[in-house]
Amino acid sequence: GGGGQEAKGGEKPQQQARGQKSSEKLYDLYAVINHYGSAYGGHYVAYAKSKKGGVSGWFCFDDSRVTKIKESEVVTRHAYMLFYKRRDFDGLNFLPPSLKPLVGKPLTAQERRVLEEAAKADSNCGEISCGGKMIKCSIS
């Protein structure tokens, strides 16, 4: 199964051994990119684990289609890249203490407007193609 996949250090995914030292770092699989085809061409499909929006589990992102999949379908022989997150990692350690209480809190209308304006000013943000449709960058 993919969601139960773990890795110690940089080793291959494996189950946690009994009596494992607490100083050893554990990693959880959260995404996989699969490549179907050859070295000369093919198709990429991403699988990712989600816990947001009241729906949790593994999802398949194939061009403009997103479908829920079983955990047992995640790791296949087509796996090209696997993404892990260290269990004890808090990705927001860089935030100053004054901002940490705001994490996960919904944006006010004014905060959303400020971020939308910043996104418009960002040269990397604009219209992009997604599933054959042109969409505008926005803050969600």
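Residues numbered from 1 in each chain as written. Predicted model: local features only at pLDDT ≥ 70, side-chain atom pairs only at ≥ 80, totals over all residues. Heavy atoms only, no water.

1. Points about the overall build of the protein
Basically, it comes down to this: By the criteria applied, helices consist of DSSP H or I runs no shorter than four residues and strands consist of E runs no shorter than two, each listed in order from the N terminus. Throughout this description, buried means an accessible area under 20% of the type-specific maximum (1.4 Å probe, protein chains only), exposed means over 50%, and partly exposed covers the range between. In what follows, residue pairs with any heavy atoms lying within 4.5 Å of each other are defined as contacts. Surface exposure here means Shrake-Rupley accessible area, sampled with a 1.4 Å probe, where a residue is shielded only by the protein chains that are shown.
Scanning the protein for helices and strands turns up one helix and eight strands. Taken from N to C terminus, the helices and strands of the protein fall in the order β-β-β-β-β-β-α-β-β. In the protein, which comprises 140 residues, the share counted as buried stands at 17%. Long-range contacts, defined here as pairs at least 24 residues apart, represent 41% of the contacts in the protein between residues at least 6 apart. With the model as given, the accessible surface of the protein reaches about 10,800 Å², and the carbon-plus-sulfur share is 54%.

2. Overview of the pattern of salt bridges
When charged atoms on two side chains of opposite charge get close, those side chains can pair. What counts is decided by this rule: One speaks of a salt bridge when a side-chain nitrogen belonging to Lys or Arg is within 4 Å of a carboxyl oxygen belonging to Asp or Glu.
If you walk through the whole model with that rule in mind, you get four salt bridges. Between Lys25 and Asp88 there is a salt bridge; the shortest N-O distance is 3.5 Å. You can see Lys25 sitting in the loop between strand 1 (6–8) and strand 2 (26–38) and its partner Asp88 sitting in the loop between strand 6 (79–86) and helix 1 (109–121), a full 63 residues away along the chain. The class of Asp88 is partly exposed, set by a relative accessible area of 48%.

3. Some points on the pairing of strand 3 (residues 41–50)
Selection criterion: When DSSP finds two or more bridges between two strands, those strands count as paired.
As paired strands, strand 2 and strand 3 are joined by eight bridges and run antiparallel to one another. Counterpart to His35 in the pairing with strand 3 is Tyr44. Hairpin connection from strand 2 to strand 3: two residues lie between these consecutive antiparallel strands. In the sheet, strand 3 pairs with strand 4 (residues 57–62) via five bridges, with the strands oriented antiparallel. Paired with Ala46 across the bridge in strand 4 is Phe61.

4. Description of the confidence of the model for the protein
Definition in use: What pLDDT conveys is the predictor's confidence in a given residue, as a value from 0 to 100.
Overall, the prediction assigns the protein a mean pLDDT of 74, with 65% of residues at 70 or greater. Across the protein, the element-wise mean pLDDT spans from 50 in strand 7 (residues 127–130) up to 92 in strand 2.

5. Section: the environment of Asp62
Stated precisely, the cut-off is as follows: Here a polar contact is recorded for every N or O atom pair within 3.5 Å, except that within protein the pair must consist of a potential hydrogen donor and a potential acceptor, and residues adjacent in sequence are included only if both atoms are side-chain atoms.
Residue position: Asp62 is located in strand 4. Separated by 15 residues in sequence, Asp62 and Tyr47 have C-alpha atoms that sit 8.7 Å apart. Those residues in contact with Asp62 that lie beyond four places of it in its chain are His43 and Val45. One polar contact links Asp62 to Arg65, side chain to side chain, over a distance of 2.8 Å.

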